[in-house]
Amino acid sequence: MAILLSVVPAHSPIFWSCVGLYADVVKLLSPSKRLQRLAGEIARYSRRPPETPEQALLRRMNEAQTLAEYESCTVALDHLQGHEAWKKEKDSIEPGYNPDVIENQVIRLKSAVIERDTAALHHLLRTGLSRDLGGMNSLRLYKHSWFGTKKLIDDYINTVLEAIDAFSEASIRNDLSTVEVRRSQQSLEDALKFFGRSALTLSGGALLGMKHIGVVKTLWEAELLPEIISGASAGSIVAGIVGSSTDERMAEVLDRFPFSDLAVFDPPGTGRVGWLTQRLSTVLRTGAFFEMENLRRVMRDWLGDITFREAHYKTGRIVNICVSSAGSAEPRLLNFVTAPDVFIWSAVCASCAVPSVFSPANIYEKDPITKEEKLWMQNAKQTFVDGSLDHDIPMRKLSEMFNVNFFIVSQVNPHVRVFLDREESFRGEQPGTPSPGPNPFQAAKEVLREEIIHRAQQLADIGFPQGFYRWASLFNQQYTGDINILPDIHPSEYLNMMMNPTSEFMLKATVAGERATWPRMCRIKNCVAIELALIQAIHTLRDRVNFGPEARAARERKRSNSRGRPGRGRSARPSFLRRRSLSVESPVGGENGLTPPVPLKVRRNVSLGNISMRPAFSITTPRPTPYLSPQVGIEQDILADALAMTSRRGETITGLGIVGGP
């Protein structure tokens, strides 16, 4: 064999033919049956057909270690299998897809950008933006290739980004007054309200919920992590930690998370005998299986005494924690609007209080005057339990409060995954029908789910106590969104759902979350690119209105000296506007310290059809820090006129006797 290796290269077909012949000789002449079996296996392996280029790319794609490596394999597969031809075609077989509507909008936007028609851009951005323009969010449009979708859809997104860029630059570089710039800012805010916001929602799932950290890590590294994050039960742990971490600390938090103290069920170092003793003691004393004190200790170590309002001011993100009332089916969503002074660690403990696993929990808040810890809703005398019990994915609440109409859902709940229909996957062949065929197995699961809900309703109608049928609410919720990320779950993991996670498990869970997110990154990029570009332009114009030249330059210097990832500042060029999602190119400085964004040039995919919900009201995009003063950057003549009008109005009201004065 050594002589053979020295003569014939190991990667050539001749080498493997020689190995097969050598193995056949050993099999025939060897007196040992064990050696004969080994030689037979080697002979069969050596005669396998050589790997084709397509098989090599598929293997590399399945073994990819990074998002960039995964995307490069998918792009190469599309070229190799000829899917680029379908992308260049205008029409497709999917019902509801209307390319003429998309094409007409692209023509209007391009014409306004070329002619620098600010009025036309103002009208088109305020009234013409949509995530599902011409049916471009149809699921089947994204099952024709490994990477991306129709070039017409890519052209529409690129053109919208160029229009937003041109509109914001015209508002700044044309030396407009502060009032005009503020009007442009308001126009973009209206466009964002019309377009809607996106949110990341993390489901429950006990130990399986740790896979969410891989989903968050992938979105963060691509700079596509939404500002609105929601979590229930185990998902609230990840949502609370991520939502209260600044951009500068986010990379450190994500790297440290798998190796941190996450002993939420038992104290660290508990053995088998100690585990059994503690279970018996806890059940006899509290009626629950685990002590809440361990979870409380872990979350206070991570979060300290930060409240929802403080986290919002600190990071600019909106953390939402789902909890349920112990005595009634009344879901609650805790955030900086509904519970501004509540400690996030307390909300997480309540959201994780699975009935019979943990005892119902109280929620605590910070007294706004004394800063002391006190019971939240003390007069109501309520306790709270698992947030997944009544609303694992709080779509309606988020839609009503924050104008969210696009949901990225990371779902690992075991009882939910059983009933979810498998998403149609692309295997390299173009679909021949407008829609996939019926799935009898999924229809049977749906009948079973409806039967469970029906029997629970019968128990309620008869008059049984709520505890007998409240569990049925687990089967009567909406568990999926526009983009559904479903990390792989190994069957053995179901047996360890109520055990402290080890560092080895956390690393595997992180990888599982990352790999489940990669196939959907093209869809996520396409769906949130316009939203993030609008937010970027709004922040740029706000800085122009509220800060003078010196203050803006100081803010830019502070961002450039940040210890966090480069380019994370509000005015820096985000990666979704670069050539690649993981690009590390340096931002190019522009006039007044501003960075002109580069149009999106990479073909990207779009998500499933979005959920249409009518928001009750909307709020504007939050800022990480409040403004220094409402008068900063306002022209003096406008300020003088405003003060004069206020003075005259006060004199008029006083003269009418409505307001008394000295």
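A quick note: this is a predicted structure, and the numbers were derived from the prediction, not measured.

A short note on the overall build of the protein chain
Phase 1: On a plain count of helices and strands, the protein chain comes out with 24 helices and 9 strands.
Phase 2: Counting only residues that meet the buried cut, the protein chain has 49% of its 662 residues in that class.
Phase 3: In the protein chain, of all internal contacts separated by at least 6 residues, the share reaching a separation of at least 24 is 79%.
Phase 4: A total accessible area of about 32200 Å² is found for the protein chain, and carbon and sulfur atoms account for 57% of it.

Quick word on the pattern of salt bridges
Phase 1: Evaluated as defined, the whole model comprises 28 salt bridges.
Phase 2: Glu 189 serves as the salt-bridge partner of Arg 542, at 2.8 Å between the closest nitrogen and oxygen. Here Arg 542 is found in helix H22 (residues 521–546), whereas its partner Glu 189 is found in helix H10 (residues 178–195), with 353 residues between them in sequence.
Phase 3: By relative accessible area, which is 5% here, Arg 542 ends up buried.
Phase 4: Each of Arg 131, Arg 197, Glu 227 and Glu 531 takes part in one network of salt bridges that share partners.

So, the side chain of Asp 482
Phase 1: Considering the arrangement of structural elements, one finds Asp 482 in the loop between helix H20 (440–462) and strand S9 (483–485).
Phase 2: The side chain of Asp 482 sits in the buried core without any salt bridge; Arg 131 is the nearest counter-charge, 7.1 Å away.
Phase 3: Polar contacts involving the side chain of Asp 482 include one to the main-chain amide nitrogen of Phe 407, which spans 2.7 Å.

Observations regarding unusual backbone geometry
Phase 1: Backbone geometry at Arg 116 places phi at a positive 55 degrees, although glycine is not the residue there.
Phase 2: With respect to the secondary-structure elements, Arg 116 resides in the loop between helix H7 (99–115) and helix H8 (118–127).
Phase 3: With relative accessibility at 74%, the residue Arg 116 sits in the exposed group.
Phase 4: One non-glycine residue, Ala 206, adopts positive backbone phi at about 55 degrees.
Phase 5: Along the chain, Ala 206 falls in the loop between strand S1 (197–202) and helix H11 (212–221).

Regarding the packing of aromatic side chains
Phase 1: In total, this model carries 11 aromatic pairs according to the counting rule given.
Phase 2: On the basis of an interplanar angle of 75 degrees and a centroid distance of 5.1 Å, the ring pair of Trp 146 and Phe 426 is categorised as edge-to-face. Taken together, the positions of Trp 146 in the loop between H8 and helix H9 (151–173) and Phe 426 in the loop between helix H19 (414–417) and H20 put the pair 280 residues apart, joining distant regions of the chain. By the burial criterion, Trp 146 is buried, and Phe 426 matches it.
Phase 3: Plain terms: the ring middles of Phe 336 and Phe 402 are 6.3 Å apart, the flat faces sit at 15 degrees to each other, and that makes the pair stacked.

Points about a nonpolar patch on the surface
Phase 1: A cluster of nonpolar side chains, namely Trp 275, Leu 276, Leu 280, Val 283 and Phe 289, defines an oily patch on the protein surface of about 440 Å² accessible area.
Phase 2: Its place among the elements puts Phe 289 in the loop between helix H14 (272–286) and helix H15 (292–303).

Regarding helix H18 (residues 395–402)
Phase 1: Residues of H18 that are buried: Met 395, Leu 398, Ser 399, Met 401 and Phe 402.
Phase 2: At its buried positions, H18 is contacted by S1, strand S2 (228–232), strand S3 (318–325), strand S4 (331–334) and strand S8 (404–410).
Phase 3: Immediately downstream of H18, the backbone of Asn 403 shows phi near 60 degrees, a positive value.

Overview of the UniProt feature "active site" (unreviewed entry) in the protein chain
Phase 1: Under the UniProt annotation, "active site" (unreviewed entry) lies at Ser 233 and Asp 386. Sequence-wise these annotated residues cover 154 residues; spatially they are packed, their C-alpha atoms never more than 5.7 Å apart.
Phase 2: In this structure, Ser 233 sits in the loop between S2 and helix H12 (234–243).
Phase 3: Excluding residues within four positions of it along the chain, Ser 233 makes contact with Gly 204, Ser 351, Cys 352, Val 354, Asp 386 and Ser 388.
Phase 4: Position of Asp 386 among the secondary structure elements: in the loop between strand S7 (384–385) and H18.
Phase 5: With sequence-adjacent residues up to four places away left out, Asp 386 is seen in contact with Ser 233, Ser 324, Ala 350, Ser 351, Ala 353, Val 354 and Pro 355.

With respect to the confidence of the model for the protein chain
Phase 1: Averaged over all residues, the pLDDT of the protein chain equals 78, while 76% of them reach at least 70.
Phase 2: The lowest-confidence element of the protein chain is helix H24 (residues 636–655), averaging 45 in pLDDT; the highest-confidence one is S1, averaging 95.
Phase 3: Between residues 561–640, whose pLDDT stays under 50, and residues either more than four places distant or in other chains, the model counts 222 contacts.
Phase 4: Here residues 642–662 scores under 50 on pLDDT; set against residues more than four positions off or in separate chains, the count is 3 contacts.

With respect to the pairing of S3
Phase 1: Burial runs high along S3: 8 of the 8 residues are buried.
Phase 2: Neither face of S3 is open: one carries Ile 318, Asn 320, Cys 322 and Ser 324, the other Val 319, Ile 321, Val 323 and Ser 325, and all of them are buried.
Phase 3: Here S2 runs beside S3; their pairing, made up of 5 bridges, is parallel. Pairing of Ile 229 across the sheet is with Val 319, part of S3.
Phase 4: Examined bridge by bridge, S3 and S4 share 4 bridges and lie antiparallel to one another. In the sheet register, Ile 321 faces S4, and the bridge partner there is Leu 334.

Details of the packing of H11 against helix H21 (residues 503–517)
Phase 1: In the contact formed by H11 and H21, the axes pass within 6 Å of each other and the chain directions differ by 55 degrees. By the angle between their axes, H11 is oblique relative to H21. Seen along the crossing, H11 lies across H21 with a hand that is right-handed. Where H11 approaches H21, its residues Ile 213, Gly 214, Val 215, Lys 217, Thr 218 and Leu 219 are matched on the opposing element by Thr 510, Gly 513, Glu 514 and Thr 517.
Phase 2: Split by residue class, the contact of H11 with H21 holds 3 nonpolar, 5 polar and 2 charged.

A short note on the packing of helix H4 (residues 53–62) against helix H5 (residues 67–81)
Phase 1: As a packed pair, H4 and H5 sit with axes 9 Å apart at the nearest point and diverge in direction by 155 degrees. It follows that H4 is roughly antiparallel to H5 by the angle criterion. In terms of crossing hand, the pair formed by H4 and H5 is left-handed. Residue-level contacts link Pro 53, Glu 54, Leu 57, Leu 58, Arg 60 and Met 61 of H4 to Glu 69, Tyr 70, Ser 72, Cys 73, Thr 74, Ala 76, Leu 77, Leu 80 and Gln 81 of H5.
Phase 2: Of the residues contributing to the contact of H4 with H5, the split by class is 9 nonpolar, 3 polar and 3 charged.

Side note on H8
Phase 1: All of the buried residues along H8 are Leu 121, Leu 124 and Leu 125. Angular distribution of buried residues about the axis of H8 spans 95 degrees; they occupy a single face of the element.
Phase 2: Of the surrounding secondary structure, the elements contacted by the buried residues of H8 are H7, H9 and H10.
Phase 3: One side-chain oxygen at the N-terminal end of H8 lies 3.3 Å from the backbone nitrogen of Ala 119; it belongs to Asp 117.

Conventions adopted
- Residues numbered from 1 in each chain as written.
- Predicted model: local features only at pLDDT ≥ 70, side-chain atom pairs only at ≥ 80, totals over all residues.
- Heavy atoms only, no water.
- Helix = DSSP H or I, 4+ residues; strand = E, 2+ residues; numbered from the N terminus.
- Buried < 20%, exposed > 50% of the residue type's maximum accessible area, 1.4 Å probe, protein only.
- Contact = heavy atoms within 4.5 Å.
- Areas by Shrake-Rupley, 256 points an atom, 1.4 Å probe, with all protein chains shown as cover.
- Salt bridge = Lys/Arg side-chain N within 4 Å of Asp/Glu carboxyl O.
- Lys, Arg positive; Asp, Glu negative; His and termini not counted.
- Polar contact = N/O pair within 3.5 Å; in protein donor to acceptor, adjacent residues only side chain to side chain.
- Phe/Tyr/Trp six-rings, centres within 6.5 Å; stacked < 30°, edge-to-face > 60°.
- Patch = residues over 30% accessible without salt bridge, like charges linked within 9 Å, V, L, I, M, F, W, Y side chains within 5 Å.
- UniProt positions renumbered as here; feature names shortened; annotations may be inferred.
- pLDDT = per-residue confidence, 0-100.
- Pairing = 2+ DSSP bridges.
- Axes fitted to C-alpha atoms, helices over the stretch in contact; angles between N-to-C directions.
- Parallel < 35°, antiparallel > 145°, perpendicular 65-115°, else oblique.
- Left-handed = near helix turned anticlockwise from the far one by under 90°.
- Nonpolar A, V, L, I, M, F, W, Y, C, P; charged D, E, K, R; others polar.
- Arc of directions from axis to C-beta.

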